[in-house]
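Geometric and topological summary
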Amino acid sequence: MILDLFKKKKHFLSEFAQLGSVELKRFQNHDFSHLESFYNSRESLLELIKYIDQKIEDMETSEDFKKEQRSQRFIENKAPHLDLLKVEMKVLTQEILKKDLEILSLIDREKSLLIKDIQSVRKNKKHVSSYKTKVGSHQIDEEA
């Protein structure tokens, strides 16, 4: 049972990493159109992983599991698989963190560009408004 939970967790971590890879490529191409769905998908995966982690924790703290861990059958058959899954998940987690740092960097860079554009528009708007000529109503009457 615990092996199944670790396998499920690894599966969802793999999906999480794959999702990050896809979006990283989009962000590198300045395509931020899927940003909201990206974060919603990540949040859903994190909720699943959190649920599985809670199940694992509940199982690991149970007396039945503690007894099973001490059995020769567990030590020979399940423990090596658990250790391998834990290592694989650690590698996936490191990969996810690395991609997240790249994604955050790209988002921050794009945000800075947008802020500069907004500031430039505001500055240009002020310049344009200073060149407006004010025509009073008495000038219009005189011309008529």
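Notes on the structure follow. (Residues numbered from 1 in each chain as written. Predicted model: local features only at pLDDT ≥ 70, side-chain atom pairs only at ≥ 80, totals over all residues. Heavy atoms only, no water.)

**Looking at the nonpolar core**
Rules: Residue types Ala, Val, Leu, Ile, Met, Phe, Trp, Tyr and Cys, when buried and joined through side-chain atoms within 4.5 Å, form a set referred to as a nonpolar core. Exposure classes here rest on a 1.4 Å probe applied to the protein chains alone. A residue is buried below 20% of its type maximum, exposed above 50%, and partly exposed in between. Counting from the N terminus, the helices are the DSSP runs of H or I reaching at least four residues and the strands are the DSSP runs of E reaching at least two. Residue contacts follow a heavy-atom distance rule, with two residues in contact if any of their heavy atoms lie within 4.5 Å.
Counting 28 residues, the largest nonpolar core has Ile2, Phe6, Leu13, Phe27, Ile56, Leu82 and Ile103 as its most contacted members. Elements that contribute at least two residues to this core include exactly α1 (2-28), α2 (35-60) and α4 (72-130). Top element by residues in this core is α1. It accounts for eleven residues. In this view, Phe6 contacts Ile56, Glu60, Leu82, Leu85, Lys86 and Met89; residues no more than four positions away in its chain are not counted.

**Describing unusual backbone geometry**
One non-glycine residue, His30, lies in the positive phi region at around 60 degrees. Of note, His30 is situated in the loop between α1 and α2. The exposure class assigned to His30 is exposed, which follows from its relative accessible area of 54%.

**Re the pattern of salt bridges**
Quick note on the threshold: In the sections that follow, a salt bridge refers to a side-chain nitrogen of Lys or Arg positioned within 4 Å of a carboxyl oxygen of Asp or Glu.
Going through the model one piece at a time under the given rule, you end up with seven salt bridges. For Lys10, the salt bridge goes to Glu88, with nearest N and O atoms at 2.9 Å. Here Lys10, found in helix α1, pairs with Glu88, found in helix α4; they are 78 residues apart in sequence, far enough to count as distant. The partner of Glu95 in a salt bridge is Lys99, and the shortest N-O contact between them spans 2.8 Å. Of this pair, Glu95 and Lys99 both sit in helix α4, separated by four residues, roughly a single helical turn.

**A look at a nonpolar patch on the surface**
Just so we agree on the cut-off: Patch membership requires more than 30% relative accessible area and the absence of a salt bridge. Residues of like charge join within 9 Å; the nonpolar side chains Val, Leu, Ile, Met, Phe, Trp and Tyr join within 5 Å. To measure how exposed things are, a 1.4 Å probe is used in the Shrake-Rupley method; for residues, cover is taken only from the protein chains shown.
The grouping of Tyr39, Leu101 and Leu104 at the surface amounts to a nonpolar patch, some 310 Å² of accessible area in total. Mapped onto the elements of the fold, Leu101 is located in helix α4.

**With respect to the packing of aromatic side chains**
Definition in use: Classification of ring pairs rests on two measures: the distance between centres of Phe, Tyr or Trp rings, Trp counted by its six-membered ring, which must be within 6.5 Å, and the angle between planes, read as stacked under 30 degrees, edge-to-face over 60 and tilted in between.
Counted by the stated rule, this structure contains three aromatic pairs. Ring centres of Phe27 and Phe32 lie 4.8 Å apart, and the angle between their planes is 10 degrees; on these two criteria the pair is classed as stacked. Taking relative accessible area as the criterion, Phe27 reaches 1% and is therefore assigned buried. Each member of the aromatic cluster is reached from another via a ring pair, and the members are Phe27, Phe32, Phe38 and Tyr39.

**With respect to the side chain of Lys99**
Note the threshold: Here a polar contact means two N or O atoms within 3.5 Å. Within protein one must be a hydrogen donor candidate and the other an acceptor candidate, and residues neighboring in sequence count only if both atoms are side-chain atoms.
Residue Lys99 is classed as buried on the basis of its relative accessible area, which comes to 14%. Among the polar contacts made by the side chain of Lys99, one reaches the side chain of Ser21 at a distance of 2.2 Å. For Lys99, the side chain forms a polar contact with the side chain of Glu95, separated by 2.8 Å. What Lys99 contacts, discounting residues up to four positions off in sequence, is Ala17, Gly20, Ser21 and Leu24.

Spatial relationships are all this shows, so hold off on functional conclusions.
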